[in-house]
Amino acid sequence: MSQPVPFTYDGGRVDPGERQNIRYTVTETYLGDPVRIPVTIINGEKPGPTMFLSAAAHGDELNGIEVVRTVAHSWDHDELAGTLVCLPVLNVPGFVAQQRYLPIYDRDLNRSFPGNPDSTSAKRVAYSIFNNFIEPCDFGIDFHTSTRGRTNMLHIRAAMDNPAVERLAKAFASHVIIDKEGPDGSLRKEACDAGVPTMVVEMGEAHRFQRDFIDRGLSGVNSVLAEFGLRETESVNWPGWQAVIAEREERTWIRADAGGLMDIRVGYGDLVYEGKTIAEITNPFQTEVTEVTAPFTGLLVGVAENPLVYPGNPLCHLVRVDERTQLAIEQNG
Ligand SMILES: [Zn+2]
């Protein structure tokens, strides 16, 4: 591409060298008022790829919002080669209600893509977003977090058998990439199927702004922009070690076998060895102690933050790593 091109959507256009903050109508309330999502489009003066950054498809997952907002409004884009489509809050009704799903029938927006203009409310919203702001892009990143009460270490979810997705995933420079296709109807899978390579970044917990995750998310975005030439003066990061964990690898949610108060002894991102105590669950009198141990040596990708547990509650998400990765983690910390 030798000439920069305008970015167009239904109702507008953003020329090279121009930036637009818009509130884009995706549906209406019961009162007939517009429900609008914030969108910032930055079209660089130089030619280059078009990339989207999206967050809060699940309305209560906030860390990504801050990443997308910061990229859109705090970074200097004078030298941008290409176009950024920034969608900090996809699920505005869920965001307003501080909940994961669209409040109307509790629909999951992230199972409603690519959407349909003649179908359910969720699919109409999804269609409006997908058609205008996702499909015109060359690739993108969708930010998520764990649910309330659990924290995920920062990791990528990507279908690594797609070379364009693999390039994107590696460029983010996270320690862990889980190689897995997204579920049907998710923004990630449907965008990939429509020819827009997309990955998910999982980081932290819902309902919070967690500064360390946000900063690492921003560093990952900068690295991706460098890899694809949107920010020519920046460089691609290397995280020290990187594990691509195949779907067939052993992964498990370790669950509580007793109700009680949990004292967790590990943190997300820790390497734990087989047989090691992960947590103790005690009754109110501290007369009964149930030890939870690691069934195999692996990496803790997610951990519970809530100390109150019922039998069956997931306590942590353990993923087996091969010996080479284990060694790399031990050497690099
Ligand atoms: Zn999510």
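### Digging into the nonpolar core
One finds Phe133, Ile141, Phe143, Phe172, Val221 and Val224 to be the most contacted residues of the largest nonpolar core, which totals 71 residues. The next biggest cluster of nonpolar side chains, apart from the first, holds 18 residues, and it includes Val272, Ile281, Val292 and Val303.

### Details of the packing of helix α1 (residues 63–73) against helix α6 (residues 211–227)
It is the contact of α1 with α6, at a shortest axis distance of 9 Å, that shows an interaxial angle of 45 degrees. Classified by the angle between their axes, α1 and α6 sit oblique to one another. Crossing handedness for the pair α1 and α6: right-handed. Contact residues: α1 offers Asn63, Glu66, Val67, Thr70 and Val71, while α6 offers Arg211, Phe213, Ile214, Gly217, Leu218 and Val221. Counted by class, the contact of α1 with α6 contains six nonpolar, three polar and two charged residues.

### As for the environment of Ala122
Assignment of secondary structure puts Ala122 in helix α3 (residues 121–134). Sequence spacing of Ala122 and Asn110 is twelve residues, and the spatial spacing of their C-alpha atoms is 9.3 Å. For Ala122, the residues in contact, after removing those within four places along its chain, are Leu102, Arg107, Leu109 and Ser112.

### Quick look at the pattern of salt bridges
If you walk through the whole model with that rule in mind, you get 15 salt bridges. Here Glu232 makes a salt bridge to Lys46, at a shortest N to O gap of 3.4 Å. Separated by 186 residues along the polypeptide, Glu232 in the loop between α6 and β11 (243–246) and Lys46 in strand β5 (residues 46–55) bring together distant segments of the chain. The class for Glu232 is exposed, based on a relative accessible area of 52%. Here Lys189 and Asp184 are joined by a salt bridge, their closest N and O atoms 3.1 Å apart. Its relative accessible area of 57% is what places Asp184 among the exposed residues. Members of the salt-bridge network, linked through shared partners, are Lys46, Glu79 and Glu232.

### So, the coordination of the zinc ion
On the protein side, the zinc ion has His58 (ND1), Glu61 (OE), Glu61 (OE) and His144 (ND1) as donor atoms, found 2.0 to 2.4 Å from it. Counting gaps between the donor residues of the zinc ion yields the pattern H-x2-E-x82-H. Look at His58 and you get buried, because its relative accessible area is 3%.

### Looking at helix α7 (residues 323–332)
Of the residues making up α7, those classed as buried are Thr325, Gln326, Ala328 and Ile329. One side of α7 carries all its buried residues, which in axial view fall inside an arc of 165 degrees. The exposed set on the far side of α7, more than 90 degrees from its buried face, consists of Glu323, Arg324 and Gln331. Packing partners of the buried residues in α7 comprise β11, β14 (271–272) and β17 (298–304).

### Focus on the pairing of strand β8 (residues 150–158)
Consecutive residues of a regular strand have side chains that alternate between opposite faces of the sheet. Of all the nine residues making up β8, seven are buried; the element is thus mostly covered by neighbouring parts of the structure. For β8 and β17, the ladder comprises three bridges, and the chain directions are antiparallel. Residue pairing in the sheet places Thr151 in a bridge with Val303 of β17. Pairing between β8 and strand β10 (residues 198–204): four bridges, direction antiparallel. Bridge pairing in β10 links Ile156 to Val201. As defined by bridge partners, β8 adjoins strand β9 (residues 176–179) across four bridges and the pair is classed as parallel.

Conventions adopted
Residues numbered from 1 in each chain as written. Predicted model: local features only at pLDDT ≥ 70, side-chain atom pairs only at ≥ 80, totals over all residues. Heavy atoms only, no water. Core = buried A, V, L, I, M, F, W, Y, C linked by side-chain atoms within 4.5 Å. Buried < 20%, exposed > 50% of the residue type's maximum accessible area, 1.4 Å probe, protein only. Axes fitted to C-alpha atoms, helices over the stretch in contact; angles between N-to-C directions. Helix = DSSP H or I, 4+ residues; strand = E, 2+ residues; numbered from the N terminus. Parallel < 35°, antiparallel > 145°, perpendicular 65-115°, else oblique. Left-handed = near helix turned anticlockwise from the far one by under 90°. Contact = heavy atoms within 4.5 Å. Nonpolar A, V, L, I, M, F, W, Y, C, P; charged D, E, K, R; others polar. Salt bridge = Lys/Arg side-chain N within 4 Å of Asp/Glu carboxyl O. Donors = N, O, S within 2.8 Å, 3.2 Å for Na, K, Ca; no water. Arc of directions from axis to C-beta. Pairing = 2+ DSSP bridges.

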